[in-house]
Amino acid sequence: MTDDRTTTLRTADERATLASFLDHQRDTLAMKCAGLTPEQLRTPALAPSGLSLLGLVRHLAEVERSWFRNVLNGEDRPGFWKHPDGSFAEFDAESADPAEAFAIWRGEYDHARELVAAAESLDVLGRYGEEVFSLRWILTHMIEEYARHNGHADLLREHLDGSTGE
């Protein structure tokens, strides 16, 4: 597996450091998915779980949308993948289109980068209902979210084709 991930910054200011860690985590997920067929991306590799790499990509597109567009930027963007009853369906990837999922995910994180770059400071506030979150908290949470799911991605990828690594 080629490692072309963003290098985390060690001496930059807080915003650049957090952004580099988040980009490194995004790149890690992309690396874990690289070179797989659509069928492999859709494969729930660890029974009884239905979790797949493609489901993780779709989920993280939703997480990017929710935290950056809706919470930070005050948009009211609905989810990309929903069941008829309105519940989220991002993890239901058995027949999902990988090209669509990756395009949506990349579009969401590109937009998130723009919002982070445009923010006056890490103290900018976003809202979800009555709850208030700083951009600093959102970036830290996103790093946590990706790191947790990249652990899942490690196991899924290893099960699919034996590939291991960071």
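Just so we're clear, the structure is a prediction, and the values are computed from it rather than from any experiment.

### Section: the overall build of the protein chain
Thought 1: Along the protein chain, the regular secondary structure elements total five helices and two strands.
Thought 2: Ordered by position from N to C terminus, the α and β elements of the protein chain give α-α-α-α-β-β-α.
Thought 3: In terms of C-alpha radius of gyration, the protein chain reaches 16 Å, essentially the compact-globule figure of 15 Å for 166 residues.
Thought 4: Taking the principal axes of the C-alpha coordinates as reference, the protein chain spans close to 45 × 45 × 25 Å.
Thought 5: Looking at the protein chain residue by residue over its 166 residues, the buried ones come to 46%.
Thought 6: When contacts within the protein chain are restricted to residue pairs at least 6 apart in sequence, those whose partners lie at least 24 apart make up 68%.

### A few points about the packing of helix H1 (residues 14–33) against helix H3 (residues 53–72)
Thought 1: Where H1 meets H3, the closest approach of the two axes is 10 Å, and the angle between their N-to-C directions is 155°. By the angle class used here, H1 and H3 are roughly antiparallel. Here the hand of the crossing between H1 and H3 comes out left-handed. Together, Leu22, Arg26, Leu29, Lys32 and Cys33 of H1 and Leu53, Leu56, Val57, Leu60, Glu64 and Phe68 of H3 make up the contact between the two elements.
Thought 2: Across the contact of H1 with H3, the residue classes tally to eight nonpolar, no polar and three charged.

### Remarks on H1
Thought 1: Look at H1: 29 Å from first C-alpha to last across 20 residues, which is about the 28 Å you get at 1.5 Å a residue.
Thought 2: When you tally the buried positions in H1, you get 14 out of 20 residues, the bulk of the element.
Thought 3: A positive phi of about 80° marks Gly35, the residue just after H1.

### Focus: the nonpolar core
Thought 1: If you look at the biggest cluster of nonpolar residues, it comprises 42 residues, and the most contacted ones within it are Phe68 and Trp105.
Thought 2: Those elements that place two or more of their residues in this core are H1, H3, helix H4 (98–118) and helix H5 (135–161).
Thought 3: Per-element tally for this core: the top contributor is H3, with 11 residues.
Thought 4: Apart from residues no more than four positions distant in its own chain, Trp105 is found in contact with Arg26, Leu29, Ala30, Val57, Leu60, Ala61 and Tyr146.

### Concerning the pairing of strand E2 (residues 131–134)
Thought 1: The sheet contact formed by strand E1 (residues 125–128) and E2 spans four bridges and is antiparallel. Bridged to Tyr128 within E2 is Glu131.
Thought 2: Hairpin connection between E1 and E2: a loop of two residues separates the two successive antiparallel strands, and Gly129 in this loop has a positive phi of roughly 60°.

### A closer look at the packing of aromatic side chains
The geometry of an aromatic ring pair is captured by the separation of the ring centres together with the interplanar angle, meaning the angle of the planes.
Thought 1: All told, the structure shown has six aromatic pairs when counted by the stated rule.
Thought 2: Relative to Trp105, the ring of Phe102 has its centre 6.0 Å away and its plane inclined at 75°; by these criteria the two rings are edge-to-face. Remark: Trp105 and Phe102 occur in helix H4; sequence separation between them is three residues, near one turn of the helix. We note that Phe102, like Trp105, is buried.
Thought 3: Each member of the aromatic cluster is reached from another via a ring pair, and the members are Trp67, Phe133 and Trp137.
Thought 4: One Lys or Arg, Lys82, reaches over the ring of Phe88 and ends 4.5 Å from the middle of that ring.

Criteria and thresholds
Residues numbered from 1 in each chain as written. Predicted model: local features only at pLDDT ≥ 70, side-chain atom pairs only at ≥ 80, totals over all residues. Heavy atoms only, no water. Helix = DSSP H or I, 4+ residues; strand = E, 2+ residues; numbered from the N terminus. Rg over C-alpha atoms; globule rule 2.2 N^0.38 Å. Buried < 20%, exposed > 50% of the residue type's maximum accessible area, 1.4 Å probe, protein only. Contact = heavy atoms within 4.5 Å. Axes fitted to C-alpha atoms, helices over the stretch in contact; angles between N-to-C directions. Parallel < 35°, antiparallel > 145°, perpendicular 65-115°, else oblique. Left-handed = near helix turned anticlockwise from the far one by under 90°. Nonpolar A, V, L, I, M, F, W, Y, C, P; charged D, E, K, R; others polar. Expected span 1.5 Å × (residues − 1). Core = buried A, V, L, I, M, F, W, Y, C linked by side-chain atoms within 4.5 Å. Pairing = 2+ DSSP bridges. Phe/Tyr/Trp six-rings, centres within 6.5 Å; stacked < 30°, edge-to-face > 60°. Lys NZ or Arg CZ within 6 Å of the ring centre and 35° of its normal.

Limitation: the analysis is restricted to geometry and does not speak to function.
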